[in-house]
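# Structural description and commentary
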Amino acid sequence: MLIKIEQIVVKPRRREIDEKHVEELAKSIKSLSLLNPITVDQDYTLIAGLHRLEAVKLLGYSEIECNVTSLDGLRADLAELDENLIRKELSTLDFDELMQRRKEIYEALNPTTRWGGDHKSEKNKSSKCALVLPKSFADDTAAKTGLSKSTIKRRVQAAKHMIPEAKQILRQGNVDITKTDALRLSKLPPEQQIVAATQFSEGKISTLRGYQADDSEETENDSAESEQQDDNAPFHFSNKCFSDFKESVADLKDPEKDCSCSTGSFLAEVTSSVKQIHKIIECYSTPYYMAVFPELDEKQTDYLKDLLESVGDAAMQLYNSITERTSFDGKS
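Residues numbered from 1 in each chain as written. Predicted model: local features only at pLDDT ≥ 70, side-chain atom pairs only at ≥ 80, totals over all residues. Heavy atoms only, no water.

### A closer look at a nonpolar patch on the surface
The grouping of Ile 280, Tyr 284, Tyr 289, Met 290, Val 292, Phe 293, Leu 296, Tyr 303, Leu 304 and Leu 307 at the surface amounts to a nonpolar patch, some 890 Å² of accessible area in total. Within the residue set of the nonpolar patch, elements represented by two or more residues are helix H13 (287-290) and helix H14 (298-324). With three residues, the top contributor of residues to the nonpolar patch is H14. Inspection of the secondary structure assignment puts Leu 304 in helix H14. (Patch = residues over 30% accessible without salt bridge, like charges linked within 9 Å, V, L, I, M, F, W, Y side chains within 5 Å. Areas by Shrake-Rupley, 256 points an atom, 1.4 Å probe, with all protein chains shown as cover. Salt bridge = Lys/Arg side-chain N within 4 Å of Asp/Glu carboxyl O. Helix = DSSP H or I, 4+ residues; strand = E, 2+ residues; numbered from the N terminus.)

As C-alpha cells, this is what we get:
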C-alpha cells in the first residue's frame, strides 16, 4: 500500500546512511521504479528499507510503497537486522556488530537458546511429550545467511571483544579489516588493540599478523621487578662475565666445570617456573576467556576447581618433600 513519506517514523539507527548507496538506489528507482517495497509496522515505524526511503526522498516523492507488518518490538528489530545482513556492501565491523546485535535480540526472544537451543530436545524424541525448543542462534543464523556456525560464532566474538576505541580508530582511518584480522585484534588486550588498530589504520602494518606488541616497557618493568626480587630472595647468581663469545664457549666446554645443582640454581629454576605458571593462569582472566565464564555449568566449574587445586597440591607435595630433608638449627 502507498503511504505518505511524512507519516513514516524512522527511529535512531546504529548504522549511518551510506550516501553513495542512496544515490545509486535513486538512479535505479527513477529508471525501474521501486521494485521492493519498504517494511513498516502498524504505526508506520520503519522496520526495513531506510536507504530505499532516503532514495525516494532524494527523488522528491511524497509517497512510497510499503509492506505493513504486525511485527513489533524486538521481532521488528530482528527483521530489520536480517535484511541488513544480506547486504553485500557492509564493512567487516558493521557486519560483525549486526551479528552481535542479532544474537542479543534472538536470545532475548528465545531465552532457552542460551542453554543450547533445539539440540536438547533430541534426548526426548522418543517421548510423545518431547519439548521442541527453537533453534540455537547459530543454527538459525546459519540457515538465514548461509554462513557456517563456526564463522558466525567467530564474528560475534570479534564484535563483542573489540573495544569501541579500536573500532573508532579503524573507522576514522577509513580502512576496512578482514574478518580474520578483526578476530585477531579482538583477542588482544585493550591497550594493545588501540596500538594495533592505529598501526593498521596508518598503514604501518598490512595485516594484524604483522603486529608485534611493543613490550620494551613491560620488559624493563619485569626486569626491574626481577632484580628487586632477586635482591630480596635468599639466593644469588654468579656475576661471572666473559670478555667475548669465544671465552663463554670455552667455559661451557670446560670438563672441570662444576655443573651440579646448587641451592641458588635450584631456587632460581623453581622461581622461574612459578612465575611462568602465574603468567599462564593470568592469561585466562582476559576478556577473551572471561566471556565464557557465565556459560560454565556446575559440573564444569567443579572440574576446574579440582584441576586448579591440583596445582597447589603438587606444589605443597614438593614443599613437604623438601622440608622432610632439611635441617634447621641442627634438627633433622
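### What to know about the pattern of salt bridges
Summed over the entire model, instances satisfying the criterion amount to 14 salt bridges. For Glu 97, the salt bridge goes to Arg 171, with nearest N and O atoms at 2.9 Å. Taken together, the residues Glu 97 in helix H4 (residues 92-109) and Arg 171 in helix H7 (residues 164-172) connect sequence positions 74 residues apart. Residue classification places Arg 171 among the partly exposed residues on the basis of a relative accessible area of 38%. (Buried < 20%, exposed > 50% of the residue type's maximum accessible area, 1.4 Å probe, protein only.)

### As for the sheet that holds strand E2 (residues 38-40)
Strand order in this open sheet of four strands is E1-E4-E2-E3, and the pairing throughout is mixed. The open sheet terminates on both sides in strands that have one partner only, identified here as strand E1 (2-4) and strand E3 (46-48). For this sheet the average axis-to-axis angle between neighbouring strands, irrespective of direction, equals 55°. Along the sheet, helix H2 (residues 50-58) contacts E2, E3 and strand E4 (63-68); its crossing angle with E3, the most-contacted strand, is approximately 115°. (Pairing = 2+ DSSP bridges. Axes fitted to C-alpha atoms, helices over the stretch in contact; angles between N-to-C directions. Contact = heavy atoms within 4.5 Å.)

### Overview of the environment of Lys 187
By the secondary structure assignment, Lys 187 is in the loop between helix H8 (179-186) and helix H9 (190-201). Residue Lys 187 is classed as partly exposed on the basis of its relative accessible area, which comes to 42%. Sequence separation of Lys 187 and Tyr 289 is 102 residues, and the distance between their C-alpha atoms is 9.3 Å.

### Things to note about a negative patch on the surface
A surface patch of like charges, here negative, comprises Asp 18, Glu 19, Glu 23 and Glu 24. For Glu 19, a relative accessible area of 54% corresponds to the exposed category. (Lys, Arg positive; Asp, Glu negative; His and termini not counted. Charge placed at Lys NZ, Arg CZ, Asp CG, Glu CD.)

### Side note on the environment of Ser 62
On the secondary structure map, Ser 62 appears in the loop between H2 and E4. Not counting chain neighbours up to four residues away, the residues in contact with Ser 62 comprise Ile 3, Lys 4 and Ile 5.

### Topic: unusual backbone geometry
The backbone phi angle of Tyr 44 is positive, close to 65°, even though this residue is not glycine. Examined against the element boundaries, Tyr 44 turns out to sit in the loop between E2 and E3. Even without glycine at this site, Asn 174 takes up a positive phi of about 55°. By the element assignment, Asn 174 lies in the loop between H7 and H8. Among the residues examined, Asn 174 registers a relative accessible area of 72% and is labelled exposed.

### Comments concerning the pairing of E4
As paired strands, E1 and E4 are joined by three bridges and run antiparallel to one another. Residue pairing for E4: Ile 3 is matched across the bridge by Ile 64. Here E2 runs beside E4; their pairing, made up of three bridges, is parallel. Bridging from a neighbouring strand, Thr 39 pairs with Asn 67 of E4.

### Focus: the packing of helix H5 (residues 137-145) against helix H6 (residues 149-161)
How two helices pack is summed up by the angle between their axes together with the distance between the axes. The interhelical angle for the contact between H5 and H6, taken along N-to-C directions, is 110°, at an axis separation of 9 Å. With respect to each other, H5 and H6 are oriented roughly perpendicular. Of H6, the residues touching H5 (which contributes Phe 137, Ala 138, Asp 139, Thr 141, Ala 142 and Thr 145) are Lys 149, Ile 152, Lys 153 and Val 156. Classifying every residue of the contact of H5 with H6 by side-chain character gives five nonpolar, two polar and three charged. (Parallel < 35°, antiparallel > 145°, perpendicular 65-115°, else oblique. Nonpolar A, V, L, I, M, F, W, Y, C, P; charged D, E, K, R; others polar.)

### Things to note about the confidence of the model for the protein chain
Overall, the predicted model of the protein chain reaches an average pLDDT of 78, with 76% of residues at or above 70. For residues 117-130, every residue scores under 50 in pLDDT, and the model assigns this stretch 17 contacts once sequence neighbours within four places are set aside. (pLDDT = per-residue confidence, 0-100.)

### Considerations on the packing of H7 against H9
Remark: H7 packs on H9, axes separated minimally by 9 Å, with the N-to-C direction vectors making an angle of 5°. By the criterion of interaxial angle, the relationship of H7 to H9 is roughly parallel. In contact with Glu 165, Ala 166, Ile 169 and Leu 170 of H7, H9 contributes Gln 193, Ile 194, Ala 197, Thr 198, Phe 200 and Ser 201. Residue composition of the contact of H7 with H9, grouped by class: six nonpolar, three polar and one charged.

### Side note on the side chain of Asp 96
For Asp 96, the location among the structural elements is in helix H4. In this structure Asp 96 comes out as buried when scored by relative accessible area, which is 3%. Beyond its immediate sequence surroundings of up to four residues, Asp 96 is in contact with Arg 155, Ala 158, Ala 159 and Ala 182.

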